[in-house]
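Per-entry structural report
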Amino acid sequence: MNININIIATVAVGCYMTAGAQAGETTYSNVAYTQENIVVSGENTAIFSHSVENTFTDFIASSVSATNGGALEFKNTSVFSNASKLSIDASSSLKSGLISIDGTGSSMRNEGSASMGYLTVENGATAVNYGTITDTTPNTDAEWDDNLTFEENEAAMGDNLLDVISKGAFTNYGSIDSITTVLDGEFIAQDNSSMGSVCLGMWYEDEDYAQTFSTLNVNGSVTMTGTLESYFYSEIVFTMDASIDMQGNSLIFEGGKIVLLYDGDLTDSTVIKKNDFFVNYTLGMYNVDYGDDMVVTVVGTNNVSREMTIKELSSTVPEPATATLSLLALAGLAARRRRK
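A short tour of the structure in this document, coming up. (Residues numbered from 1 in each chain as written. Predicted model: local features only at pLDDT ≥ 70, side-chain atom pairs only at ≥ 80, totals over all residues. Heavy atoms only, no water.)

When helices and strands are tallied, the protein chain shows 3 helices and 33 strands. When each of the 340 residues of the protein chain is scored for burial, the buried share is 49%. Look at the contacts in the protein chain between residues 6 or more apart in sequence, and 49% of them connect residues 24 or more apart. For the protein chain, the exposed surface amounts to about 16,400 Å²; the carbon and sulfur share of it is 50%. (Helix = DSSP H or I, 4+ residues; strand = E, 2+ residues; numbered from the N terminus. Buried < 20%, exposed > 50% of the residue type's maximum accessible area, 1.4 Å probe, protein only. Contact = heavy atoms within 4.5 Å. Areas by Shrake-Rupley, 256 points an atom, 1.4 Å probe, with all protein chains shown as cover.)

Right, let's talk about the side chain of Glu 73 for a bit. Considering the arrangement of structural elements, one finds Glu 73 in strand E8 (residues 71–74). Owing to a relative accessible area of 16%, Glu 73 belongs among the buried residues under this scheme. Among all residues touching Glu 73, those that are not within four sequence positions of it are Thr 45, Ala 46, Ile 47, Phe 48 and Lys 95.

Once that is clear, we can look at the side chain of Ser 62. Along the chain, the position of Ser 62 falls in the loop between strand E6 (56–60) and strand E7 (63–67). There is a polar contact of 3.0 Å between the side chain of Ser 62 and the backbone oxygen of Tyr 33. Among all residues touching Ser 62, those that are not within four sequence positions of it are Tyr 33, Thr 34, Gln 35, Glu 36, Ala 83, Ser 84 and Lys 85. (Polar contact = N/O pair within 3.5 Å; in protein donor to acceptor, adjacent residues only side chain to side chain.)

Glancing now at the pairing of strand E13 (residues 113–122). Most of E13 sits out of view: 8 of its 10 residues are buried. Pairing of strand E11 (residues 93–102) with E13 involves 9 bridges; the strand directions are parallel. Bridge assignment links Ile 99 to a residue of E13, and that residue is Leu 119. Relative to strand E15 (residues 132–135), E13 runs parallel, the two sharing 4 bridges. Bridge assignment links Ser 113 to a residue of E15, and that residue is Thr 132. For E13 and strand E16 (residues 162–165), the ladder comprises 4 bridges, and the chain directions are parallel. Paired with Val 121 across the two strands is Val 164, which belongs to E16. (Pairing = 2+ DSSP bridges.)

Our focus in this paragraph is unusual backbone geometry. Look at Asn 192: it is not a glycine, yet its phi comes out positive at around 70°. Looking at the element boundaries, Asn 192 is found in the loop between strand E20 (186–190) and strand E21 (194–195). In this structure, Gln 247 is a non-glycine residue whose phi angle is positive, near 55°. Summarising the element assignment, Gln 247 is placed in the loop between strand E27 (243–245) and strand E28 (250–253).

Let's shift gears to the pairing of strand E14 (residues 126–129). Bridging between strand E12 (residues 107–110) and E14 involves 4 bridges; their strand directions are parallel. From the neighbouring strand, Asn 110 faces E14, where its bridge partner is Asn 129. Inspection of the sheet shows E14 paired to strand E17 (residues 169–172) by 4 bridges, in the parallel sense. Residue pairing for E17: Asn 129 is matched across the bridge by Asn 172.

Turning our attention to the packing of aromatic side chains. All chains considered together, the criterion is met by 17 aromatic pairs. Their ring planes at 85° and their centres at 5.9 Å tell us that Phe 74 and Phe 80 sit as a pair that is edge-to-face. Note on Phe 253 and Tyr 290: the rings are 5.4 Å apart at their centroids and 25° apart in plane angle, and the pair reads as stacked. On the criterion of sequence distance, the pair formed by Phe 253 in strand E28 and Tyr 290 in the loop between strand E31 (282–283) and strand E32 (295–299) is long-range, its members being 37 residues apart. In this structure Tyr 290 comes out as buried when scored by relative accessible area, which is 11%. Seen from the ring of Phe 277, Lys 274 lies directly overhead, with NZ or CZ sitting 5.3 Å from the centre. (Phe/Tyr/Trp six-rings, centres within 6.5 Å; stacked < 30°, edge-to-face > 60°. Lys NZ or Arg CZ within 6 Å of the ring centre and 35° of its normal.)

Right, let's get into the environment of Phe 277. Within the fold, Phe 277 resides in the loop between strand E29 (257–261) and strand E30 (278–279). Between the C-alpha atoms of Phe 277 and Phe 238, which are 39 residues apart in sequence, the distance is 7.5 Å.

Let us now look at the pattern of salt bridges. All chains considered together, the criterion is met by 3 salt bridges. Between Glu 111 and Arg 109 there is a salt bridge whose closest N-O contact spans 2.8 Å. Judged by its relative accessible area of 37%, Arg 109 is partly exposed. A salt bridge links Lys 167 to Asp 184; the shortest N-O distance between them is 2.9 Å. Pair noted here: Lys 167 is in the loop between E16 and E17 and Asp 184 is in the loop between strand E19 (180–183) and E20, with a separation of 17 residues, a long-range link. (Salt bridge = Lys/Arg side-chain N within 4 Å of Asp/Glu carboxyl O.)

Note that Lys 75 resides in the loop between E8 and strand E9 (77–81). Setting aside residues up to four positions removed in sequence, Lys 75 forms contacts with Ile 47, Phe 48 and Ser 49.

Right, let's talk about the environment of Leu 162 for a bit. The residue Leu 162 is located in strand E16 in this model. A residue is classified by how much of its surface remains accessible, and Leu 162, at 3% relative accessible area, is buried. Measuring from C-alpha to C-alpha, the distance between Leu 162 and Thr 120 comes to 5.8 Å, with 42 residues separating the pair along the chain. The residues contacting Leu 162, other than those within four sequence positions of it, are Leu 119, Val 121, Phe 170, Ile 176, Ile 179, Thr 180, Thr 181 and Phe 187.

What follows is the structure, encoded as structure tokens:
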């Protein structure tokens, strides 16, 4: 079924129509939409709303999109599952309390303006952001305080905006203004993107999570406006030209790993130099791992890996040709002295 909302009106879709709703609105009594294509375009707002609190609006094998200035608003919890898709183009907007992009084949694509209280990408679902994602329940002005416990800091700073969990994947080309948690999922930060605080992995060792892995992939120069925490069962993967500008915020490593993807075949004699994984950062009080002696796993395009320390990667290593010339010069000098 196709539902096209392309006249100038506010449309309430759900168990009741909102106050002040205009004539010609379309309403649905059910809370599950199956095999439907819902398109909101022009100066229209489609409101998915239900009279019963804490109910779900489920989408099954459906597509929901806002185009050409359209707006989507979800009053109650919305779940995009079973191969359903949500898309917002560059001129359109989305407003929601909670959205769960759930299940393999389910996806979200935001090129415009999205404001929400909470977004989860889970169980094999994918999401990509080219626009802006803003927290509708903004945190206080509190900053991370190393004198407080993790729980106390979390309470002071507010809840997460984005959770990438259970094999979910989120790719960011745009900006996210609040806290992201990655637990057994993948967050991909693309060149020139920005993000708020990010917490990777488990902040304590737990056998139940030993088989999970939380990954932050950094492709290019990205910016963080909050704290970066990398705990057990997590890794941050950098390309050779990638770095994170922390803008003076805290960097906390406790159990996390760093991986560097070398853009060529890797051998024992390959010279590798990189000294800009993180810039403009401060170390958190509880940081125990990050420093010159931290081991980085370098992986070549030939799938060969090698372990090097931060210090080794940032040290100046003579080029092979220079080293060879120096040895020849020394050999020549020694021979000249013997003749004398």
